[in-house]
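In case you want the letters, here they are:
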Amino acid sequence: MSDINCNFIAGEWVTGDQEIENRNPSDTSDLIGLYAQASRGQLDAALDKAQRAQVAWASYGMERKQAVLNSIGTELMARAEELGRLLSREEGKPLAEGRGEVFRAGQFFTYYAAECLRQLGENADSVRAGVEIDVRREPVGVVAIVSPWNFPTATASWKIAPALCYGNAVIWKPANITPASAVALTEIISRQDIPDGLFSLVMGAGGTLGQQLVEHPSVNAISFTGSVPVGKGIATAAIQNLTKVQMEMGSKNALVVLDDGDLDLAVSVALGGAFGGTGQKCTASSRLIVHGAVHDAFVEKLVAGVQAMKVGHALHDGTQMGPVVSAQQLQENLDYVALGQSEGAELACGGARLDLEHDGFYMSPGVFLNTTNDMRINREEMFAPLAAVIKVDGYDHALATVNDTNFGLTSGIVTRDLARATHFRRNARTGVVTVNLPTAGTDYHVPFGGRGDSSYGSREQGKAAAEFYTTVKTAYIHAGEPL
Ligand code: NDP
């Protein structure tokens with residue numbers, strides 16, 4: 001490999017027509033590296049080779065596939081400190097979160113390694129005497145994975161691991177703003193016992209290379225995580241080729257704090273849910289829906305907690321919240337702060353640009369008070385370290401407010417009342433519900449996804465992933481004697 005970090009296409013590391021710089025959002029004087037941008041011709045070559053490699057991979061025995069996935073997962077976990085440091089350096093989340101993300105990515109691979117051995121079909125008798133039916137899943141073919149920057153290793157891994165587990169080839173286009181994590185994961189995958197071309201990394205701009213990938217007729221399925229407008233564009237492109245598509249997009253997740261909840265727990269759940277990952281999570285608790293009876297006490301503790309958060313360089317000890325990912329994201333966040341104030345919300349703290357020791361994209365975590373659910377800051381995904389408190393007069397009002405959104409990824413409630421918790425669990429219109437836990441933070445062995453504008457297509461993770469990464473075949477078998 002040269003000084004330029006290359007794409008991995010059809011089994012080889014190759015430079016592209018041009019390259020981009022990758023800089024550290026905690027310290028923009030820190031150049032992480034130069035990253036090649038794949039050309040259209042390279043994309044075509046990757047797809048061509050992937051089709052043939054997929055056939056070879058599908059015929060590998062299940063233990064051979066299991067060994068490959070296990071090896072990737074084990075290495076990720078063993079190198080979580082080193083690769084987590086790289087991830088935090090390019091994305092900006094504190095080192096503990098970067099390390100945790102890489103470790104979790106490893107767990108996706110080891111989980112799906114085991115799933116390689118658990119692919120059971122169904123059988124049935126036919127309505128015709130003497131005929132048996134065998135129903136089994138087969139690989140869908142070549143899968144295009146388009147992943148975001150906010151979890152550059154974990155989100156990609158929860159797509160790549162099941163794609164490989166179920167016998168598919170992968171063409172991965174990561175977010176262009178976090179290419180180092182993509183190259184690191186690809187380097188691990190490239191050393192495995194896989195056919196050349198089974199897995200290709202194509203770095204490049206979403207609007208050009210990404211668009212070419214999702215429009216390509218050789219792609220059999222597309223798994224995407226990112227924004228709603230891009231998701232809708234991908235769905236439009238996919239339908240032209242009748243390509244299978246699965247999308248996880250934005251949300252406007254709500255955390256309800258009831259009058260019987262433990263207030264300290266509520267504050268810690270809100271702080272973690274709203275400001276973890278600098279608020280740049282599709283599962284972030286950006287709407288805090290608080291019962292009037294505890295509103296003032298909750299707000300006092302929340303604001304104190306937010307003001308105590310240490311914002312700093314992602315790799316420095318003691319940092320609780322890193323910078324936002326880019327200058328553009330920072331400007332959008334500050335625009336939302338101004339918008340909220342112009343809508344009549346009161347900024348209780350934070351929401352301002354910070355000038356720290358290093359030149360980075362820093363801002364203070366902010367809390368809006370006196371907000372209503374119809375304000376744009378409560379309807380649009382901000383992807384920012386900003387939370388808005390909405391005061392409600394009881395449980396029914398709280399639930400109605402939670403459900404009054406175009407999105408529906410996660411929601412949570414803090415309460416000691418089992419009846420209300422149960423009612424909430426059953427009536428919140430989101431794909432994930434939490435009780436006395438942050439709205440962010442999910443496991444790998446169970447389904448993940450949402451409703452409304454948050455998701456489209458079948459669920460990700462756990463056994464649910466099989467629905468997307470396979471296609472069902474129904475075989476009718478007759479022994480050969482006369483019917
Ligand atoms: P995008 O939706 O633009 O990007 C997500 C991925 O899609 C990236 O790999 C991107 O590539 C790629 N992409 C962009 N345009 C196309 C296209 N036309 N065809 C194919 N692929 C494409 O998100 P952003 O990174 O721009 O973030 C903007 C906002 O999106 C955030 O503020 C947040 O609200 C939301 N978002 C939500 C996420 C979630 O987890 N649900 C994750 C990330 C963002 P490239 O990086 O090269 O543009």
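Residues numbered from 1 in each chain as written. Predicted model: local features only at pLDDT ≥ 70, side-chain atom pairs only at ≥ 80, totals over all residues. Heavy atoms only, no water.

J.: What am I meant to see in the overall build of the protein chain here?
T.: If you tally the helices and strands in the protein chain, you get 14 helices and 21 strands. The C-alpha atoms of the protein chain give a radius of gyration of 23 Å, which matches the 23 Å a tight globule of 483 residues would have. For the protein chain, the spread of C-alpha atoms along the principal axes amounts to about 80 × 60 × 40 Å. The buried share of the protein chain, taken over its 483 residues, is 56%. Carbon and sulfur atoms make up 50% of the accessible area of the protein chain, which totals about 19200 Å². Here the protein chain contributes 39 positive and 54 negative side-chain charges, whose respective centroids are spaced 4 Å apart. (Helix = DSSP H or I, 4+ residues; strand = E, 2+ residues; numbered from the N terminus. Rg over C-alpha atoms; globule rule 2.2 N^0.38 Å. Buried < 20%, exposed > 50% of the residue type's maximum accessible area, 1.4 Å probe, protein only. Areas by Shrake-Rupley, 256 points an atom, 1.4 Å probe, with all protein chains shown as cover. Lys, Arg positive; Asp, Glu negative; His and termini not counted. Charge placed at Lys NZ, Arg CZ, Asp CG, Glu CD.)

J.: Explain the sheet that holds strand E21 (residues 470-478) to me, please; I cannot follow it from the model alone.
T.: The strands that make up a sheet are held in pairs by hydrogen bonds between backbone atoms, and each pair lies either parallel or antiparallel. Read across the open sheet, the 3 strands follow the order E6-E7-E21; overall the sheet is antiparallel. Here the strands that pair on one side only, and so sit at the sheet edges, are strand E6 (122-125) and E21. Across this sheet, the average inter-strand angle for adjacent strands is 20°, counted without regard to direction. For E6 and strand E7 (residues 131-139), the ladder comprises 4 bridges, and the chain directions are antiparallel. Within E7, the residue paired with Ala124 across the bridge is Ile133. (Pairing = 2+ DSSP bridges. Axes fitted to C-alpha atoms, helices over the stretch in contact; angles between N-to-C directions.)

J.: Mind showing me how you'd approach the packing of helix H3 (residues 80-91) against helix H6 (residues 179-190) here?
T.: Describing two packed helices takes the angle between their axes plus the distance from one axis to the other. At a minimum axis separation of 8 Å, H3 and H6 run at an interaxial angle of 155°. Considering the angle they form, H3 stands roughly antiparallel to H6. Contact residues: Leu83, Leu86, Leu87 and Glu90 in H3; Pro179, Ala180, Ser181, Ala184 and Ile188 in H6. A per-class count over the contact of H3 with H6 returns 7 nonpolar, 1 polar and 1 charged. (Parallel < 35°, antiparallel > 145°, perpendicular 65-115°, else oblique. Contact = heavy atoms within 4.5 Å. Nonpolar A, V, L, I, M, F, W, Y, C, P; charged D, E, K, R; others polar.)

J.: Help me understand helix H11 (residues 327-342) in this model?
T.: Spacing of three or four residues puts side chains on the same side of an α-helix, whose turn is 3.6 residues. Under the 1.5 Å per step criterion, the end-to-end length of H11 is 23 Å for 16 residues, consistent within 8% with the ideal 22 Å. Among all positions of H11, only Gln329, Leu330, Asn333, Tyr336, Val337, Leu339 and Gly340 are buried. Backbone geometry just after H11 places Gly344 at a positive phi near 105°. (Expected span 1.5 Å × (residues − 1).)

J.: So what exactly am I meant to see when it comes to the packing of H3 against helix H4 (residues 95-115) here?
T.: For the pair H3 and H4, the least separation of the axes is 7 Å and the interaxial angle reads 120°. Judged by the inter-axis angle, H3 sits oblique to H4. Relative to H4, H3 is oriented so that their crossing is right-handed. Residues Ala80, Glu81, Leu83, Gly84, Arg85, Leu87 and Ser88 of H3 pack against Leu95, Gly98, Arg99, Glu101, Val102 and Phe103 of H4. (Left-handed = near helix turned anticlockwise from the far one by under 90°.)

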